[in-house]
Amino acid sequence: MALRCGIVGLPNVGKSTLFNCISSSKAQAANFPFCTIEPNVGSTTVPDERLNVLTEMCHPKRTIPATVEIVDIAGLVKGASQGEGLGNQFLANIRETDAILHVLRCFDDPNVTHVDGNVDPVRDKEVIDTELQIKDLDTVTNRIAKVQKQAQTGGDKQAKKALDVLLRYKEVLEQGRNAREVSFDTPDERKIAREFCLLTDKPVLYVCNVDEAAAATGNAYVEAVRQAVSGEQAQILVISAKIESEIAELEDPEERAMFLEEIGLKESGVVRLIQAAYALLGLRTFFTAGADECRAWTIHVGDKAPQAAGVIHTDFEKGFIRAEVIKYADFVKLGSESACRAAGKLGSEGKEYVVEDGDIMHFLFNV
């Protein structure tokens, strides 16, 4: 299950530079609007030190980390919801992603053009938010017109539930707020809500792109963004795309560590960004570990053992019997599966077991 995040923002805020750092791809990054037209897609691994430890312990033939897919979407502009700047095409690209990485320019540089003439990340955020909200309101209004007839004339109970969800979205969007601010109480409502794929319903991480001097501490622009999003269900990450591009060129891990230490960082912004995006979607990792392979598998928070088995192969879920589970800490402490079994640290779990982050699992099934 590859997580798919879309990088959005106004033109010239550092989206493509950041994309290149994350994916090790070479998307065009230039000082003019719309240098990205078709979305660039890249894949990168999710950093996880636990997988490295398991690899050192098991000496497998291969190690496979979890992955994240990043989509660099062309810069949005005011009027995108009405087609400005090829806006409809770009909005469609956002719809296909699971989460949004909203890059905001939080640095001054007279050599980098700003489409609105001056740096103001809060204004920039509001421009993007407004365009996404307008598009969502258009989507919701059109769906209401269709569902309302079914609910009123056909007595369709499911249509009535859908109409209630849509009306709640409409009320929030008309207030200039994002769809993600609407909360639903029942699984049925949440399922209906997901079917509409609203742009402002997607989880968002605001990425404040700062200069080198502010990479470790942030700056006044970042604080303004922090205050602006305080009432939202959103997170903020401070990163310097310029520094990340320099780090990406350093192949020696020791050189990278020294570089980061010099600027006051423990780990690169790209690592923090990928991990934050992973957490943004409520994802967790379980492992399979052995002589043939050590592998990280991605599941959602709350997934039970059969669902985790299904991530490996659908037959595992269909014919699930039980799961043998070792906690990561126990495995590292005792050194092997056999030692964990002998110490009574290998649990046998059934269909109702909720998988925890870091579990090392082996599934028994029969098809």
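Note that the structure is a prediction, hence the values are computed from the model and not measured.

## Quick look at the packing of helix α8 (residues 241–248) against helix α9 (residues 253–262)
It is the contact of α8 with α9, at a shortest axis distance of 10 Å, that shows an interaxial angle of 155°. Put simply, α8 runs roughly antiparallel to α9. Once α8 is placed against α9, the crossing between them reads as right-handed. Contacts between α8 and α9 involve Ile243, Glu246, Ile247 and Ala248 on the former and, on the latter, Arg256, Phe259 and Leu260. For the contact of α8 with α9, the class distribution of residues is 5 nonpolar, no polar and 2 charged.

## Focus on the pattern of salt bridges
If you walk through the whole model with that rule in mind, you get 19 salt bridges. Between Asp129 and Lys125 there is a salt bridge; the shortest N-O distance is 2.4 Å. In this pair, Asp129 and Lys125 both sit in helix α4 (residues 121–153), 4 residues apart, roughly one turn of the helix. Judged by its relative accessible area of 6%, Lys125 falls in the buried class. Residues Glu232 and Lys125 are paired through a salt bridge, measuring 2.8 Å at the closest nitrogen-oxygen approach. Separated by 107 residues along the polypeptide, Glu232 in the loop between α7 (220–228) and β7 (235–239) and Lys125 in helix α4 bring together distant segments of the chain. In this pair, the class of Glu232 matches that of Lys125, namely buried. One salt-bridge network, in which partners are shared between bridges, spans Lys125, Asp129, Arg180 and Glu232.

## A closer look at empty space enclosed by the protein
A complete count under the given rule lists 1 cavity of 30 Å³ or more for this structure. Quantified by volume, the largest cavity comes out at close to 50 Å³. Together, Val8, Ile100, His102, Ile128, Asp129, Leu132, Asn178, Arg180, Val204 and Tyr206 line the largest cavity. The element best represented in the lining of the largest cavity is α4, accounting for 3 residues. By residue class, the composition of the lining of the largest cavity is 6 nonpolar, 2 polar and 2 charged.

## Quick look at the environment of Thr55
Relative to the helices and strands, Thr55 resides in helix α2 (residues 49–58). On the basis of relative accessible area, Thr55 is assigned to the partly exposed category, the value being 22%. The spacing of Thr55 and Cys294 is 239 residues in sequence and 6.2 Å in space, taken between C-alpha atoms. Among residues more than four places away in sequence, those in contact with Thr55 are Pro60, Thr63 and Cys294. A distance of 2.9 Å separates the side chain of Thr55 from the backbone oxygen of Leu51, its partner in a polar contact. Here Thr63 takes part through its side chain, which lies 2.9 Å from a polar atom of the side chain of Thr55.

## Concerning the side chain of Asp303
Checked against the element boundaries, Asp303 lands in the loop between β9 (293–300) and α11 (305–312). Lys304 provides the closest opposite charge to the buried, salt-bridge-free Asp303, at an N-O distance of 9.7 Å. A polar contact of 2.9 Å, which involves the side chain of Asp303, links it to the backbone nitrogen of His300. Setting aside residues up to four positions removed in sequence, Asp303 forms contacts with Tyr353, Val354 and Val355.

Cut-offs applied
- Residues numbered from 1 in each chain as written.
- Predicted model: local features only at pLDDT ≥ 70, side-chain atom pairs only at ≥ 80, totals over all residues.
- Heavy atoms only, no water.
- Axes fitted to C-alpha atoms, helices over the stretch in contact; angles between N-to-C directions.
- Helix = DSSP H or I, 4+ residues; strand = E, 2+ residues; numbered from the N terminus.
- Parallel < 35°, antiparallel > 145°, perpendicular 65-115°, else oblique.
- Left-handed = near helix turned anticlockwise from the far one by under 90°.
- Contact = heavy atoms within 4.5 Å.
- Nonpolar A, V, L, I, M, F, W, Y, C, P; charged D, E, K, R; others polar.
- Salt bridge = Lys/Arg side-chain N within 4 Å of Asp/Glu carboxyl O.
- Buried < 20%, exposed > 50% of the residue type's maximum accessible area, 1.4 Å probe, protein only.
- 1 Å grid on protein atoms, 1.4 Å probe; cavity = no way out; pocket = protein on both sides within 12 Å on 5 of 7 lines; lining within 4 Å.
- Points joined across faces, edges and corners; volume = space filled by probe spheres on them.
- Polar contact = N/O pair within 3.5 Å; in protein donor to acceptor, adjacent residues only side chain to side chain.
- Lys, Arg positive; Asp, Glu negative; His and termini not counted.

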